[in-house]
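One letter stands for each residue in the lines below.
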Amino acid sequence: MPVNSTDDVTESTILLAEYDRLKEEQKTRIGFRDNLLYVTLAAATGVVAITAQSGEFRLLLSVPAVCLILGWTYLVNDEKISAIGCYVRDRLGPRLGELTSAHGAVFGWEVYHCNVAGRTVRKRLQTAVDLFTYLVLPLVCTCAFWCSPCVQPLLVLASLGQTLALAVLAWQFLRRTDR
(Lines give C-alpha, C1' and ligand atoms only; values in the text may rest on other atoms or scores of the structure.)
Protein backbone atom coordinates (compact mmCIF):
# COMPACT_ATOMS: atom_id res chain seq x y z
CA MET A 1 0.00 0.00 0.00
CA PRO A 2 1.55 3.37 -0.98
CA VAL A 3 2.27 5.92 1.69
CA ASN A 4 -0.04 8.93 1.23
CA SER A 5 1.19 11.33 3.87
CA THR A 6 4.17 11.93 6.09
CA ASP A 7 2.03 10.85 9.05
CA ASP A 8 2.09 7.29 7.63
CA VAL A 9 5.90 7.19 7.51
CA THR A 10 7.33 5.57 10.58
CA GLU A 11 10.92 5.07 11.59
CA SER A 12 10.39 1.33 11.12
CA THR A 13 9.24 1.91 7.53
CA ILE A 14 12.30 4.01 6.83
CA LEU A 15 14.63 1.41 8.37
CA LEU A 16 13.04 -1.38 6.33
CA ALA A 17 13.42 0.69 3.17
CA GLU A 18 17.07 1.29 4.06
CA TYR A 19 17.51 -2.45 4.62
CA ASP A 20 16.02 -3.23 1.20
CA ARG A 21 18.37 -0.75 -0.53
CA LEU A 22 21.41 -2.01 1.36
CA LYS A 23 20.65 -5.64 0.53
CA GLU A 24 20.18 -4.70 -3.14
CA GLU A 25 23.55 -2.91 -3.14
CA GLN A 26 25.16 -5.87 -1.38
CA LYS A 27 23.72 -8.31 -3.94
CA THR A 28 24.99 -6.17 -6.83
CA ARG A 29 28.44 -5.84 -5.29
CA ILE A 30 28.66 -9.60 -4.66
CA GLY A 31 27.89 -10.32 -8.32
CA PHE A 32 30.42 -7.75 -9.50
CA ARG A 33 33.11 -8.96 -7.07
CA ASP A 34 32.66 -12.60 -8.02
CA ASN A 35 32.83 -11.82 -11.74
CA LEU A 36 36.16 -10.03 -11.22
CA LEU A 37 37.79 -13.43 -10.66
CA TYR A 38 36.64 -14.64 -14.07
CA VAL A 39 37.67 -11.41 -15.79
CA THR A 40 41.11 -11.59 -14.18
CA LEU A 41 41.65 -15.18 -15.25
CA ALA A 42 40.42 -14.44 -18.78
CA ALA A 43 42.70 -11.39 -19.10
CA ALA A 44 45.75 -13.29 -17.81
CA THR A 45 45.03 -16.24 -20.09
CA GLY A 46 44.69 -13.87 -23.06
CA VAL A 47 48.01 -12.18 -22.31
CA VAL A 48 49.80 -15.51 -21.90
CA ALA A 49 48.33 -16.77 -25.19
CA ILE A 50 49.37 -13.62 -27.06
CA THR A 51 52.83 -13.81 -25.49
CA ALA A 52 53.22 -17.45 -26.52
CA GLN A 53 52.22 -16.65 -30.11
CA SER A 54 54.26 -13.46 -30.46
CA GLY A 55 57.30 -14.27 -28.33
CA GLU A 56 57.06 -10.77 -26.82
CA PHE A 57 57.79 -11.69 -23.20
CA ARG A 58 57.53 -8.13 -21.98
CA LEU A 59 53.76 -8.43 -22.52
CA LEU A 60 53.75 -10.68 -19.45
CA LEU A 61 54.30 -7.58 -17.33
CA SER A 62 50.76 -6.48 -18.13
CA VAL A 63 49.40 -9.41 -16.07
CA PRO A 64 50.63 -7.98 -12.73
CA ALA A 65 49.18 -4.57 -13.65
CA VAL A 66 45.80 -6.12 -14.50
CA CYS A 67 45.85 -8.22 -11.32
CA LEU A 68 46.70 -5.20 -9.19
CA ILE A 69 43.85 -3.12 -10.58
CA LEU A 70 41.25 -5.88 -10.53
CA GLY A 71 42.49 -7.27 -7.21
CA TRP A 72 42.18 -3.88 -5.55
CA THR A 73 38.69 -3.48 -7.03
CA TYR A 74 37.80 -6.94 -5.71
CA LEU A 75 39.01 -5.96 -2.21
CA VAL A 76 37.12 -2.65 -2.20
CA ASN A 77 33.89 -4.40 -3.16
CA ASP A 78 34.48 -7.14 -0.60
CA GLU A 79 35.00 -4.50 2.09
CA LYS A 80 31.72 -2.76 1.17
CA ILE A 81 29.87 -6.09 1.18
CA SER A 82 31.18 -6.84 4.67
CA ALA A 83 30.49 -3.29 5.88
CA ILE A 84 26.86 -3.57 4.78
CA GLY A 85 26.53 -6.85 6.68
CA CYS A 86 28.08 -5.32 9.82
CA TYR A 87 25.85 -2.26 9.60
CA VAL A 88 22.70 -4.36 9.25
CA ARG A 89 23.82 -6.68 12.05
CA ASP A 90 25.13 -4.06 14.49
CA ARG A 91 23.04 -0.96 13.85
CA LEU A 92 20.00 -1.42 11.66
CA GLY A 93 18.74 -4.71 13.12
CA PRO A 94 19.04 -3.69 16.78
CA ARG A 95 17.39 -0.31 16.09
CA LEU A 96 14.47 -1.95 14.31
CA GLY A 97 14.26 -4.51 17.12
CA GLU A 98 13.93 -1.70 19.67
CA LEU A 99 11.20 0.01 17.69
CA THR A 100 9.17 -3.15 17.20
CA SER A 101 9.91 -4.71 20.60
CA ALA A 102 11.00 -7.83 18.75
CA HIS A 103 12.03 -10.84 20.77
CA GLY A 104 15.37 -12.02 19.41
CA ALA A 105 17.47 -10.73 16.57
CA VAL A 106 15.88 -8.89 13.70
CA PHE A 107 17.44 -9.97 10.37
CA GLY A 108 18.66 -13.19 12.00
CA TRP A 109 20.43 -14.39 8.85
CA GLU A 110 22.97 -11.60 9.23
CA VAL A 111 24.12 -13.16 12.51
CA TYR A 112 23.40 -16.81 11.75
CA HIS A 113 25.51 -17.16 8.61
CA CYS A 114 28.57 -15.79 10.44
CA ASN A 115 28.43 -18.71 12.90
CA VAL A 116 27.79 -21.61 10.51
CA ALA A 117 30.15 -24.57 10.91
CA GLY A 118 33.04 -24.53 8.45
CA ARG A 119 32.85 -20.80 7.74
CA THR A 120 36.46 -20.22 8.86
CA VAL A 121 37.75 -22.98 6.57
CA ARG A 122 35.73 -21.61 3.63
CA LYS A 123 37.03 -18.08 4.27
CA ARG A 124 40.62 -19.37 4.30
CA LEU A 125 40.10 -21.39 1.13
CA GLN A 126 38.62 -18.30 -0.57
CA THR A 127 41.67 -16.32 0.52
CA ALA A 128 43.89 -19.00 -1.04
CA VAL A 129 41.95 -18.71 -4.32
CA ASP A 130 42.20 -14.92 -4.17
CA LEU A 131 45.95 -15.06 -3.48
CA PHE A 132 46.47 -17.50 -6.34
CA THR A 133 44.51 -15.31 -8.74
CA TYR A 134 45.83 -11.90 -7.71
CA LEU A 135 49.34 -12.77 -6.46
CA VAL A 136 50.70 -16.14 -7.63
CA LEU A 137 49.50 -15.85 -11.21
CA PRO A 138 51.08 -12.40 -11.78
CA LEU A 139 54.28 -13.47 -10.00
CA VAL A 140 54.60 -16.50 -12.30
CA CYS A 141 54.27 -14.13 -15.26
CA THR A 142 56.88 -11.81 -13.74
CA CYS A 143 59.30 -14.69 -13.17
CA ALA A 144 58.73 -15.88 -16.75
CA PHE A 145 59.61 -12.38 -17.94
CA TRP A 146 62.77 -12.32 -15.78
CA CYS A 147 63.86 -15.64 -17.32
CA SER A 148 63.17 -14.49 -20.87
CA PRO A 149 65.78 -13.24 -23.36
CA CYS A 150 64.22 -9.74 -23.58
CA VAL A 151 65.02 -8.57 -20.04
CA GLN A 152 65.84 -4.85 -20.00
CA PRO A 153 66.87 -2.85 -16.91
CA LEU A 154 63.92 -0.44 -17.07
CA LEU A 155 61.43 -3.28 -17.41
CA VAL A 156 63.08 -5.17 -14.52
CA LEU A 157 62.75 -2.04 -12.40
CA ALA A 158 59.07 -1.74 -13.36
CA SER A 159 58.52 -5.43 -12.55
CA LEU A 160 60.13 -4.96 -9.13
CA GLY A 161 57.72 -2.09 -8.44
CA GLN A 162 54.82 -4.32 -9.49
CA THR A 163 56.09 -7.09 -7.23
CA LEU A 164 56.18 -4.72 -4.27
CA ALA A 165 52.64 -3.55 -5.05
CA LEU A 166 51.53 -7.19 -5.29
CA ALA A 167 53.01 -7.83 -1.84
CA VAL A 168 50.91 -4.97 -0.45
CA LEU A 169 47.82 -6.39 -2.15
CA ALA A 170 48.57 -9.85 -0.69
CA TRP A 171 48.90 -8.31 2.77
CA GLN A 172 45.49 -6.66 2.33
CA PHE A 173 43.93 -10.01 1.37
CA LEU A 174 45.55 -11.75 4.34
CA ARG A 175 44.50 -9.17 6.90
CA ARG A 176 40.88 -9.54 5.79
CA THR A 177 40.86 -13.37 6.00
CA ASP A 178 39.18 -13.62 9.40
CA ARG A 179 36.49 -11.01 8.75
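Details of the structure are given in the entry above.
Please read these numbers as outputs of a predicted model, since none were measured by experiment. (Residues numbered from 1 in each chain as written. Predicted model: local features only at pLDDT ≥ 70, side-chain atom pairs only at ≥ 80, totals over all residues. Heavy atoms only, no water.)

On the surface, Trp146, Leu154, Leu157 and Leu160 cluster together to form a nonpolar patch covering roughly 430 Å² of accessible area. Of the residues forming the nonpolar patch, the biggest block, 3 residues, is contributed by helix α5 (residues 153–175). With respect to the element layout, Leu160 can be found in helix α5. When its relative accessible area of 44% is taken as the criterion, Leu160 is described as partly exposed. (Patch = residues over 30% accessible without salt bridge, like charges linked within 9 Å, V, L, I, M, F, W, Y side chains within 5 Å. Areas by Shrake-Rupley, 256 points an atom, 1.4 Å probe, with all protein chains shown as cover. Salt bridge = Lys/Arg side-chain N within 4 Å of Asp/Glu carboxyl O. Helix = DSSP H or I, 4+ residues; strand = E, 2+ residues; numbered from the N terminus. Buried < 20%, exposed > 50% of the residue type's maximum accessible area, 1.4 Å probe, protein only.)

Within the secondary structure layout, Leu174 lies in helix α5. C-alpha of Leu174 to C-alpha of Leu131: the two residues are 43 residues apart in sequence and 8.5 Å apart in space.

With 39 residues, helix α2 (residues 62–100) should cover 57 Å at 1.5 Å per step; its first-to-last C-alpha distance of 55 Å lies within 8% of that length. Along α2, the largest kink reaches about 40° and is centred on Val88. Positive backbone phi, approximately 55°, marks Ser101, located one or two places after α2. (Expected span 1.5 Å × (residues − 1). Bend = angle between axes of the 7 residues up to and from the residue.)

The next thing to look at is the packing of helix α1 (residues 11–54) against α2. Orientation of α1 relative to α2, taken along the N-to-C sense of each, is 165°, at an axis distance of 9 Å. Here α1 is positioned roughly antiparallel relative to α2, judged by the angle of their axes. The crossing of α1 and α2 is left-handed. In terms of residue class, the contact of α1 with α2 is made up of 24 nonpolar, 8 polar and 8 charged. (Axes fitted to C-alpha atoms, helices over the stretch in contact; angles between N-to-C directions. Parallel < 35°, antiparallel > 145°, perpendicular 65-115°, else oblique. Left-handed = near helix turned anticlockwise from the far one by under 90°. Nonpolar A, V, L, I, M, F, W, Y, C, P; charged D, E, K, R; others polar.)

Turning our eyes to something else, we now look at the pattern of salt bridges. This structure, assessed with the given rule, holds 10 salt bridges. The salt bridge involving Glu11 is made with Arg95; its shortest N-O contact spans 2.9 Å. One end of the pair, Glu11, is in helix α1; the other, Arg95, is in helix α2, with 84 residues separating them in the sequence. Overall, Glu11 belongs to the partly exposed group, its relative accessible area being 37%. Its salt-bridge partner being Arg176, residue Asp78 comes within 3.0 Å of it at the nearest N-O pair.

Attention now goes to the nonpolar core. Val63, Tyr74, Tyr134, Leu169 and Phe173 are the most contacted members of the largest nonpolar core, which has 22 residues in total. Every element with two or more residues in this core is listed here: α1, α2, α4 (119–146) and α5. If near-sequence neighbours (up to four positions away) are discounted, Tyr74 is found in contact with Arg33, Leu36, Leu37, Gln126, Asp130, Tyr134 and Phe173. With 9 residues, the next largest nonpolar core counts Leu22, Ile84, Leu96 and Phe107 among its residues. (Core = buried A, V, L, I, M, F, W, Y, C linked by side-chain atoms within 4.5 Å. Contact = heavy atoms within 4.5 Å.)

Our focus in this paragraph is α1. Between its first and last C-alpha, α1 extends 63 Å over 44 residues, near the 64 Å set by a 1.5 Å rise per residue. Among the residues of α1, those classed as buried are Ser12, Leu15, Tyr19, Leu22, Gln26, Arg33, Leu36, Leu37, Thr40, Ala44, Val47 and Thr51. Contact partners of the buried residues in α1: α2, α3 (109–112) and α4. Looking one or two residues past α1, Gly55 carries a phi angle of roughly 75°, positive in sign.

Between α1 and α4, the least distance of the axes is 11 Å, while the angle of their chain directions is 20°. Considering the angle they form, α1 stands roughly parallel to α4. The handedness of the crossing between α1 and α4 is left-handed. For the pair formed by α1 and α4, the contact residues are Leu36, Leu37, Thr40, Leu41, Ala44 and Val48 on the first element and Gln126, Asp130, Thr133, Tyr134, Leu137 and Cys141 on the second. Class assignment of the residues belonging to the contact of α1 with α4 gives a composition of 8 nonpolar, 3 polar and 1 charged.

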